[in-house]
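# Close look at the chain arrangement
The lines below spell out each chain.
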There are 2 protein chains.
Amino acid sequence: MSVKKIVVIGGSAAGAKAAAKARRCDQKAQITIVQKVPDLSMASCGYPYYLGGTFNNRNALLCTPTGVVRDAAFFKKVKDIDAIVNTECVAIDRTSKTVSCLDRSSGTQFDLPYDKLVLSMGAKPRKLPIEGYDLKGVSQLLSMQDTDYLQDLISSETIKEAVIVGGGLIGVEACEALVARGIKVTLLEAAPQILPMLDEQFAALVVNHMKAKGVQVFTSMKLQGFVGKAGAVAGARLGDGTVISCQMAIVCCGIQPNTELAVAAGLTTGITGGIVVNEFMQTSDPDIYAAGDCVECKNILTNRACFAPMGDLANLQGRVVGQNVITEQSAQFPGTTQTAICKVFDFTAGVSGLTSRQAEAAGIDCIESSINASPDKPGFMGAGLLISKMIADRKTGRILGYQCIGNGDVSRSVATAAMAIKGKLDVIDVSCADLPYAPPYSLAIDHFITAAHVMDNKLKGNYNTVSAKEVKEKIEAKEKVFFLDGRSPDEYEVMRLGIGEVLIPLGALRSKLDMLPADKSAEIICFCKISLRGYETALILREHGYTNVKVMEGGIMAWPYARAV
Amino acid sequence: MSVKKIVVIGGSAAGAKAAAKARRCDQKAQITIVQKVPDLSMASCGYPYYLGGTFNNRNALLCTPTGVVRDAAFFKKVKDIDAIVNTECVAIDRTSKTVSCLDRSSGTQFDLPYDKLVLSMGAKPRKLPIEGYDLKGVSQLLSMQDTDYLQDLISSETIKEAVIVGGGLIGVEACEALVARGIKVTLLEAAPQILPMLDEQFAALVVNHMKAKGVQVFTSMKLQGFVGKAGAVAGARLGDGTVISCQMAIVCCGIQPNTELAVAAGLTTGITGGIVVNEFMQTSDPDIYAAGDCVECKNILTNRACFAPMGDLANLQGRVVGQNVITEQSAQFPGTTQTAICKVFDFTAGVSGLTSRQAEAAGIDCIESSINASPDKPGFMGAGLLISKMIADRKTGRILGYQCIGNGDVSRSVATAAMAIKGKLDVIDVSCADLPYAPPYSLAIDHFITAAHVMDNKLKGNYNTVSAKEVKEKIEAKEKVFFLDGRSPDEYEVMRLGIGEVLIPLGALRSKLDMLPADKSAEIICFCKISLRGYETALILREHGYTNVKVMEGGIMAWPYARAV
């Protein structure tokens, strides 16, 4: 058998992984990576942390766990892979099976023949038609070059204020990074909420946390453009005309798959704009594979196409491609549950699977648990808070989605959920799941299991709930509602909603039923700190003949609006 | 319908949960808890942390998340449950459906009638026939009383040295607690390893960590008895006659289900000694349920009876019982995967499912991944180490077990594994799983997914491994083996095994093949820090015609024996 020629276009996550895996599967193959930029194998998800000063060594973004920079020499020596950097692939000739390359430093062009070609060109920023985009101090935060540029700017110590445009994952991470560098940060989001992976109420709670950390956050706020002074950005003009002063602006308005080459070569792209691949990550040309942010992915819960530009998926897809270019159809990538996680100061926000908005859009009849708030472990171990919601198929009870935020161990909770969703577990399965418990790590009943218990109660009709938003709307509409806070007077003194609620501690309720409305059909909304006592309160009221009793989801901890105290 | 009478014997985890859930399901039922000791709802897994000074408020072990002690008044006021403390249930009359109780303070006896009875008497220590057991300063660490006793003793500041007998979960947690209080600790374990839930090599690595924290650990070491002085313990006499000086000894030699009452009442117990229950947690008498440490559980992977005295299972079973005593057969408890986790100083040790020892004992043909060691997240985020092993069914690839130790995020990894096992996922499923990734939380390819990749390679025959133990045996037998360390000279200088290995950095290997044995059938064992480079080294050697090449599992990080440096 002749030596197989494999060319990989793009040497970041997916491409570098595909090349390395191909080498492990075939020690003889001739493997070449063509990389447009100078660096290889960049840990691009680490850019915000480098910018924020979590670490100061740029090479840490480029090196192996033992500190060796993955440059062209490394790829040659350790992996026997030719990595050609600063070189752009300008065309693919599928008939002759060659790619044309342009050395960006010398300007020379050359062709590379391939038996199997791998496309891993990643994604590019979605550019907004905004005035002042070219001013000094305005950048994205997508490439090593962007990061170097912003790092230099921050290190010059001339940046006192920054504006971040876009409240997605990168925008939110960038906020934390800049605050850590002592910069006053304003976040602008055009949509009504940040972090579109989350429900509105969860996103609002994250915004509250960001505000507590000193970030100014505007949602439903369009950017008109940047205002310059001597060629450098001096402000961001909002839709309402206000100008926010800034010496730096980071535009994080989303990305789109980088597919010009593929389109020019006549490969099929999909409705998301990404390159269409089959389960083997093969494009419409069976000798051409694609992986990473340039492909269209499949959501395995909806069976619909989606764009899922995540670093973990890029690596997993790259591994599959690396196997298949050596042994055809030997590995499959089944798709994604669109799991994501993001650190936001002391909070973490994570999600796996669908929100009910997404499930409904896909025609799935689903039910939401109410919002569940609880400590992540016993208070005596220094607990953090977890606030979560579960989505399940109404008919089968199968868990379809989970979102969780808080300063507790969100990472474990979302990883648990991701596996439960992947394993097609239903609410009953999770209700009795056997998760690792010891006081340093969780409550005796893990928060995710409690979420299933809440869902179980709701599916059985034992738990009639109302969201904080609905409560707020009732207050604004001046509806006649009896709000019952079931906590203790001490708790009430230090923190309370101030929405006209009546305090009746749960322990006193049975002897104070005379404080309740005489009309048994009066609307009563119960809550407490996290709404467990609110739930027990509601059960007692129902037992005493009240017919319109609801529990406010997640209690005071999930209330995203202003409070009296 | 008349008011249902529910009597619960035992008010710790399972009993208190069953009573509380029963109340939520039925506001009218008459619910009584009979509790032998003064306290209720004790967070018993927290005892070692109270002892170690993680917190100083005893009530924290007994209170709700908002700080209210769950005493009899709390149960009455908040839950409308009668909790009778300091009262022992001495007999069950199944014909008249009454239990006889003895008030331990007054000595009065009284009967309680029941419609449904719940047995949650927990477990009791397995007492060893050891001399000096009654000396002052010798205690178990199972009850609140034990904890109070030990806390007083430590607070008296007369304890300089302590001996802990038994290296199970509680023994190991007790070591950390006492070291935190400035006590010199010796751990004695009669078996060849501590933490029987783990494989021997993992347990040995945990012992190394404990030794680094100043604990003296003896395995395969029997205790002859305690030596006294003026009625107080002064030493522990080992099997070899040595006396270890100590002023305190904690005996943690396991527990057994507390079943005298059940046996006397003629209820069926099983081979583990626990009360036999069906999937509804009903005993052989359908009006009597049982939950918690007194029951015999089912391992859902082997379908065999097991004893699983874990706080989380007690709570989950209690919840199931609470539902079923109100609405018969409305909830099921399917069994356990015997998931467990334990903090050992800066390490965590966790397991879910079977070890291969257990799988083989159950007649399952299984395969082990090699040991996988990796950082839990990128080095630039301050990574911890994870060392793990996966067990799968050889025919189906279904994951049956996972164990993980290290100073990294073991909790997330074992929770992930527990759900994968519960969801009956196989190695290929996990190979492409979509877990939450961002640099603060994991590597781009999560450690658990990498474990699946290692298993995948092994199932495909691409990965021929040898354990550290086998390597040590080869060295002791003076077998002729070429040991190849594939790391860099810098790494070699600061840490090396010193087993006669030859250093050939992976990057230099292709140009230094002349350093290898001329005989292509020579046995070559490759390794590096974690054995990823060891794996790549082996692939290159195989390509160059070497036929007997192996990789040492987990590399230097999983080597539990003495090293040269």
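Note that this is a predicted model, so its numbers are computed, not measured. (Residues numbered from 1 in each chain as written. Chains lettered and ligands numbered in written order. Predicted model: local features only at pLDDT ≥ 70, side-chain atom pairs only at ≥ 80, totals over all residues.)

### Observations concerning the overall build of chain A
When its secondary structure is counted, chain A shows 16 helices and 31 strands. By the compact-globule yardstick of 24 Å for 565 residues, chain A fits well, its C-alpha radius of gyration being 27 Å. With 565 residues in all, chain A has 54% of them scored as buried. Partitioning the contacts of chain A with sequence separation of at least 6, the portion at a separation of at least 24 is 65%. (Helix = DSSP H or I, 4+ residues; strand = E, 2+ residues; numbered from the N terminus. Rg over C-alpha atoms; globule rule 2.2 N^0.38 Å. Buried ≥ 20, exposed ≤ 12 C-beta atoms within 10 Å, placed from the backbone. Contact = placed C-beta atoms within 7 Å.)

### What about the domain arrangement of chain A?
Split into domains, chain A comes out as domain 1 (5-123 + 256-324), domain 2 (138-253), domain 3 (346-459) and domain 4 (465-558). Look at where the C-alpha atoms of domain 2 of chain A and domain 4 of chain A centre, and you get two points 39 Å apart. (Domains from an automatic or database assignment.)

### A look at the sheet that holds strand S15 (residues 243-245) of chain B
All names here are of chain B. The antiparallel open sheet is built from three strands, whose spatial order is S13-S14-S15. Taken across any chain shown, the strands that pair with only one partner, and hence form the sheet edges, are strand S13 (223-229) and S15. Strand after strand, the sheet turns through a mean of 35° between neighbouring axes, direction not considered. (Pairing = 2+ DSSP bridges. Axes fitted to C-alpha atoms, helices over the stretch in contact; angles between N-to-C directions.)

### Some words on the packing of helix H1 (residues 13-25) of chain A against helix H8 (residues 311-324) of chain A
Residues and elements named next belong to chain A. The geometry of H1 relative to H8 is characterised by a closest axis approach of 7 Å and an angle of 30° between their N-to-C directions. Crossing angle aside, the handedness with which H1 passes H8 is right-handed. Taken together, the residues of H8 that come into contact with H1 (itself represented by Ala13, Ala14, Gly15, Lys17, Ala18, Ala19, Ala20, Lys21, Ala22 and Cys25) are Gly311, Ala314, Asn315, Gln317, Gly318, Arg319, Val321, Gly322 and Gln323. Grouping the amino acids of the contact of H1 with H8 by side-chain chemistry returns nine nonpolar, seven polar and three charged. (Left-handed = near helix turned anticlockwise from the far one by under 90°. Nonpolar A, V, L, I, M, F, W, Y, C, P; charged D, E, K, R; others polar.)

### Thoughts on the interface of chain B and chain A
With 72 residues of chain B at the contact, the number on the chain A side is 72 residues. Per element, the largest residue contribution to the side of chain B that touches chain A is nine residues, and it comes from helix H10 (residues 410-422) of chain B.

### What about the relation of the copies chain B and chain A?
Least-squares fitting of chain B to chain A yields an RMSD of 0.0 Å, with the transformation described by 0.0 Å of translation along the axis and a rotation of 180°. What we have between these two chains is a two-fold relation. Looking at chain B, 100% of its interface residues are interface residues in chain A too, so the copies touch through the same face. (Least-squares fit on C-alpha atoms with pLDDT ≥ 70 in both.)

### Things to note about the sheet that holds strand S2 (residues 30-34) of chain A
Residues and elements named next belong to chain A. Ordered by their spatial adjacency, five strands build an open sheet running S3-S2-S1-S7-S18, and the pairing between neighbours is parallel. With partners counted over all chains shown, the strands left at the sheet margins are strand S3 (82-84) and strand S18 (288-290), one partner each. Sheet twist, expressed as the mean angle between neighbouring strand axes with direction ignored, is 20°. Here S2 pairs with S3 via three bridges, running parallel. Bridge assignment links Ile33 to a residue of S3, and that residue is Ala83.

### Concerning the environment of Ile524 of chain B
Residues and elements named next belong to chain B. Within the fold, Ile524 resides in strand S30 (residues 524-527). Residue Ile524 is classed as buried on the basis of its 23 C-beta neighbours within 10 Å. Leave out the neighbours within four places in its chain, and Ile524 touches Phe482, Leu484, Leu541, Tyr546, Asn548 and Val549.

### Here's the deal with the pairing of strand S21 (residues 340-344) of chain B
Residue and element names in this part refer to chain B. Within S21, five of the five residues are buried, which leaves it mostly tucked inside the rest of the structure. Residues Ala340, Cys342 and Val344 of S21 are buried on one face, and the alternating residues Ile341 and Lys343, pointing to the opposite face, are buried as well. With five bridges joining them, S21 and strand S22 (residues 347-353) adopt antiparallel strand pairing. The residue bridging Val344 from the neighbouring strand is Phe347, located in S22.

### Focus on unusual backbone geometry
Excluding glycine, a negative phi dihedral is what most residues carry, and trans is how most peptide bonds are arranged. Residues and elements named next belong to chain A. The phi torsion at Leu195 lies on the positive side, around 45°, for a residue other than glycine. Looking at the element boundaries, Leu195 is found in the loop between strand S11 (184-188) and helix H6 (200-212). Judged by the 24 C-beta atoms lying within 10 Å of it, Leu195 is buried.

### Looking at helix H5 (residues 169-180) of chain B
Residues and elements named next belong to chain B. Helix length check: H5 (12 residues) gives 17 Å between terminal C-alpha atoms against 16 Å at 1.5 Å per residue, within 8%. In terms of burial, H5 is largely enclosed, as 10 of its 12 residues are buried. Where H5 is buried, its residues contact helix H2 (47-51), strand S10 (161-165), strand S11 (184-188), helix H6 (200-212), strand S16 (248-251) and S21. Gly182, located one to two residues past H5, shows a positive phi value of around 80°. (Expected span 1.5 Å × (residues − 1).)

### A short note on the confidence of the model for chain A
Here chain A shows a mean pLDDT of 96. Residues at 70 or above account for 100%. With a pTM of 0.96, the predicted complex shows an ipTM of 0.96. (pLDDT = per-residue confidence, 0-100.)

### A word on the pairing of strand S2 (residues 30-34) of chain B
Residue and element names in this part refer to chain B. Burial runs high along S2: four of the five residues are buried. Note that strand S1 (residues 5-9) and S2 share five bridges and pair parallel. Directly across from Val8, in S2, lies its bridge partner Ile33. With helix H1 (residues 13-25) bridging S1 and its parallel neighbour S2, the resulting β-α-β unit is right-handed. (Right-handed = clockwise from strand over helix to strand, strands pointing away.)

### Examining helix H8 (residues 311-324) of chain B
Taking 1.5 Å of rise per residue, the 14 residues of H8 of chain B would be expected to cover 20 Å, and the 20 Å separating its terminal C-alpha atoms lies within 8% of that figure. Summarising burial for H8 of chain B: 14 of the 14 residues are buried, a large majority.

### Comments concerning the packing of helix H10 (residues 410-422) of chain A against H10 of chain B
H10 of chain B packs onto H10 of chain A with a crossing angle of 20° between their chain directions and a minimal axis gap of 8 Å. Considering their axes alone, H10 of chain A and H10 of chain B lie roughly parallel with respect to each other. Relative to H10 of chain B, H10 of chain A is oriented so that their crossing is right-handed. Residues Ser411, Arg412, Ala415, Thr416, Met419 and Ala420 of chain A of H10 of chain A form the contact with H10 of chain B, whose participating residues are Ser411, Arg412, Ala415, Thr416, Met419 and Ala420 of chain B. (Parallel < 35°, antiparallel > 145°, perpendicular 65-115°, else oblique.)

### Some remarks on the environment of Ser442 of chain A
Inspection of the secondary structure puts Ser442 of chain A in the loop between helix H11 (427-431) and helix H12 (447-459). Setting aside residues up to four positions removed in sequence, Ser442 of chain A forms contacts with Asp376, Lys377, Leu435 and Tyr437 of chain A.

### Topic: the environment of Gly225 of chain A
All names here are of chain A. By the element assignment, Gly225 lies in strand S13 (residues 223-229). Look at Gly225 and you get partly exposed, because 16 C-beta atoms sit within 10 Å. Between the C-alpha atom of Gly225 and that of Lys79, which follows or precedes it by 146 residues, the distance is 47 Å. In this structure, Gly225 is in contact with Ile130, Glu131, Gly132 and Arg237, ignoring residues within four places of it in sequence.

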